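One letter stands for each residue in the lines below.
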Amino acid sequence: MRYGLVVDVLGIAVVVSNVMIWQVAQRLKVVDPSYFKTRDGQLHWWDIHSLFCVLGMLFDRKLPNPKHGKDIRRRIVMVRVLNALGAMGGAIFLCITFAHPELIFAK
(Lines give C-alpha, C1' and ligand atoms only; values in the text may rest on other atoms or scores of the structure.)
Protein backbone atom coordinates (compact mmCIF):
# COMPACT_ATOMS: atom_id res chain seq x y z
CA MET A 1 0.00 0.00 0.00
CA ARG A 2 1.30 3.43 -0.93
CA TYR A 3 0.88 6.30 1.49
CA GLY A 4 0.78 9.04 -1.14
CA LEU A 5 -2.97 9.49 -0.65
CA VAL A 6 -2.49 9.73 3.11
CA VAL A 7 0.12 12.43 2.61
CA ASP A 8 -2.20 14.32 0.25
CA VAL A 9 -5.02 14.17 2.81
CA LEU A 10 -2.69 15.42 5.57
CA GLY A 11 -1.56 18.28 3.32
CA ILE A 12 -5.14 19.30 2.58
CA ALA A 13 -5.96 19.11 6.29
CA VAL A 14 -3.06 21.44 7.11
CA VAL A 15 -4.18 23.96 4.48
CA VAL A 16 -7.78 23.88 5.75
CA SER A 17 -6.51 24.23 9.32
CA ASN A 18 -4.48 27.32 8.41
CA VAL A 19 -7.47 28.91 6.67
CA MET A 20 -9.60 28.27 9.76
CA ILE A 21 -6.91 29.77 12.01
CA TRP A 22 -6.95 32.96 9.92
CA GLN A 23 -10.74 33.11 10.05
CA VAL A 24 -10.68 32.81 13.85
CA ALA A 25 -8.03 35.53 14.02
CA GLN A 26 -10.17 37.83 11.87
CA ARG A 27 -13.20 37.19 14.07
CA LEU A 28 -11.16 37.77 17.24
CA LYS A 29 -9.94 41.05 15.75
CA VAL A 30 -13.58 42.12 15.35
CA VAL A 31 -14.51 41.07 18.89
CA ASP A 32 -11.40 42.56 20.53
CA PRO A 33 -9.69 45.11 18.25
CA SER A 34 -6.94 45.74 20.80
CA TYR A 35 -5.72 42.13 20.82
CA PHE A 36 -3.64 42.21 17.63
CA LYS A 37 -1.17 45.06 17.64
CA THR A 38 -0.06 45.32 14.03
CA ARG A 39 1.29 48.34 12.21
CA ASP A 40 -1.96 49.27 10.49
CA GLY A 41 -4.37 47.44 12.80
CA GLN A 42 -5.20 44.84 10.14
CA LEU A 43 -4.16 41.22 9.69
CA HIS A 44 -2.54 40.45 6.34
CA TRP A 45 -1.27 37.02 5.34
CA TRP A 46 1.76 38.56 3.61
CA ASP A 47 2.83 40.63 6.66
CA ILE A 48 5.34 38.78 8.86
CA HIS A 49 4.20 40.72 11.93
CA SER A 50 0.62 39.54 11.35
CA LEU A 51 1.86 35.97 11.03
CA PHE A 52 3.63 36.23 14.37
CA CYS A 53 0.50 37.72 15.96
CA VAL A 54 -1.69 34.89 14.69
CA LEU A 55 0.87 32.31 15.80
CA GLY A 56 0.94 33.99 19.20
CA MET A 57 -2.85 33.69 19.35
CA LEU A 58 -2.52 29.90 19.22
CA PHE A 59 -0.19 29.79 22.21
CA ASP A 60 -1.51 32.68 24.31
CA ARG A 61 -2.48 31.50 27.80
CA LYS A 62 -4.91 34.40 28.24
CA LEU A 63 -7.11 33.06 25.46
CA PRO A 64 -9.91 32.11 25.36
CA ASN A 65 -11.07 35.09 27.35
CA PRO A 66 -14.59 34.69 28.81
CA LYS A 67 -15.37 38.29 27.76
CA HIS A 68 -15.06 37.30 24.10
CA GLY A 69 -18.00 34.90 24.25
CA LYS A 70 -18.61 31.19 23.88
CA ASP A 71 -18.37 31.19 20.08
CA ILE A 72 -14.83 32.60 20.04
CA ARG A 73 -13.86 30.26 22.89
CA ARG A 74 -15.07 27.22 20.94
CA ARG A 75 -13.32 28.36 17.78
CA ILE A 76 -10.02 29.05 19.53
CA VAL A 77 -10.04 25.63 21.16
CA MET A 78 -10.91 24.06 17.80
CA VAL A 79 -8.02 25.72 15.93
CA ARG A 80 -5.61 24.80 18.71
CA VAL A 81 -6.64 21.16 18.38
CA LEU A 82 -6.37 21.38 14.58
CA ASN A 83 -2.93 22.96 14.88
CA ALA A 84 -1.78 20.15 17.17
CA LEU A 85 -3.16 17.53 14.75
CA GLY A 86 -1.42 19.29 11.87
CA ALA A 87 1.87 19.24 13.77
CA MET A 88 1.46 15.53 14.45
CA GLY A 89 0.60 14.94 10.80
CA GLY A 90 3.71 16.84 9.76
CA ALA A 91 5.84 14.77 12.11
CA ILE A 92 4.36 11.55 10.71
CA PHE A 93 4.98 12.82 7.17
CA LEU A 94 8.62 13.61 7.92
CA CYS A 95 9.12 10.29 9.68
CA ILE A 96 7.67 8.29 6.80
CA THR A 97 9.39 10.38 4.14
CA PHE A 98 12.87 10.06 5.59
CA ALA A 99 12.61 6.59 7.12
CA HIS A 100 10.58 4.85 4.39
CA PRO A 101 10.47 6.91 1.18
CA GLU A 102 9.45 3.84 -0.80
CA LEU A 103 6.05 3.95 0.92
CA ILE A 104 5.28 7.37 -0.56
CA PHE A 105 7.27 7.62 -3.75
CA ALA A 106 6.75 4.79 -6.19
CA LYS A 107 9.78 3.58 -8.12
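Quick caveat: nothing in here was measured; it's all calculated off a predicted structure. (Residues numbered from 1 in each chain as written. Predicted model: local features only at pLDDT ≥ 70, side-chain atom pairs only at ≥ 80, totals over all residues. Heavy atoms only, no water.)

## Comments concerning the overall build of the protein
Alright, step 1. Along the backbone of the protein there are three helices and zero strands.
Alright, step 2. Seen in sequence order, the protein has helices and strands lined up from the N terminus as α-α-α.
Alright, step 3. Overall, the protein is about 55 × 30 × 20 Å in size when its C-alpha atoms are taken along their principal axes.
Alright, step 4. Within the span of the protein, comprising 107 residues, buried residues form 28% of the whole.
Alright, step 5. The long-range fraction of contacts in the protein, counting pairs at least 24 apart against all pairs at least 6 apart in sequence, stands at 49%. (Helix = DSSP H or I, 4+ residues; strand = E, 2+ residues; numbered from the N terminus. Buried < 20%, exposed > 50% of the residue type's maximum accessible area, 1.4 Å probe, protein only. Contact = heavy atoms within 4.5 Å.)

## Observations concerning the environment of Ala84
Alright, step 1. Within the element layout of this structure, Ala84 appears in helix H3 (residues 70-99).
Alright, step 2. A relative accessible area of 41% means that Ala84 is categorised as partly exposed.
Alright, step 3. C-alpha of Ala84 to C-alpha of Lys29: the two residues are 55 residues apart in sequence and 22 Å apart in space.

## Remarks on unusual backbone geometry
Alright, step 1. Here Leu63 and Pro64 are connected by a cis peptide whose omega angle stands at -5°.
Alright, step 2. Along the chain, Pro64 turns up in the loop between helix H2 (48-59) and H3.

## Observations regarding the side chain of Asp60
Alright, step 1. Residue position: Asp60 is located in the loop between H2 and H3.
Alright, step 2. Nearest to the buried, unbridged Asp60 among oppositely charged side chains is Lys62, at 5.2 Å.
Alright, step 3. One polar contact links the side chain of Asp60 to the main-chain amide nitrogen of Lys62, over a distance of 3.1 Å.
Alright, step 4. Those residues in contact with Asp60 that lie beyond four places of it in its chain are Tyr35 and Arg80. (Lys, Arg positive; Asp, Glu negative; His and termini not counted. Salt bridge = Lys/Arg side-chain N within 4 Å of Asp/Glu carboxyl O. Polar contact = N/O pair within 3.5 Å; in protein donor to acceptor, adjacent residues only side chain to side chain.)

## A look at the packing of H2 against H3
Alright, step 1. Where H2 meets H3, the axes come as close as 9 Å, and the angle between the chain directions of the two elements is 100°. Taken together, the axis directions place H2 and H3 in an arrangement best described as roughly perpendicular. Of H3, the residues touching H2 (which contributes Met57, Leu58 and Phe59) are Val79, Arg80 and Asn83.
Alright, step 2. Per-class residue counts for the contact of H2 with H3 are four nonpolar, one polar and one charged. (Axes fitted to C-alpha atoms, helices over the stretch in contact; angles between N-to-C directions. Parallel < 35°, antiparallel > 145°, perpendicular 65-115°, else oblique. Nonpolar A, V, L, I, M, F, W, Y, C, P; charged D, E, K, R; others polar.)

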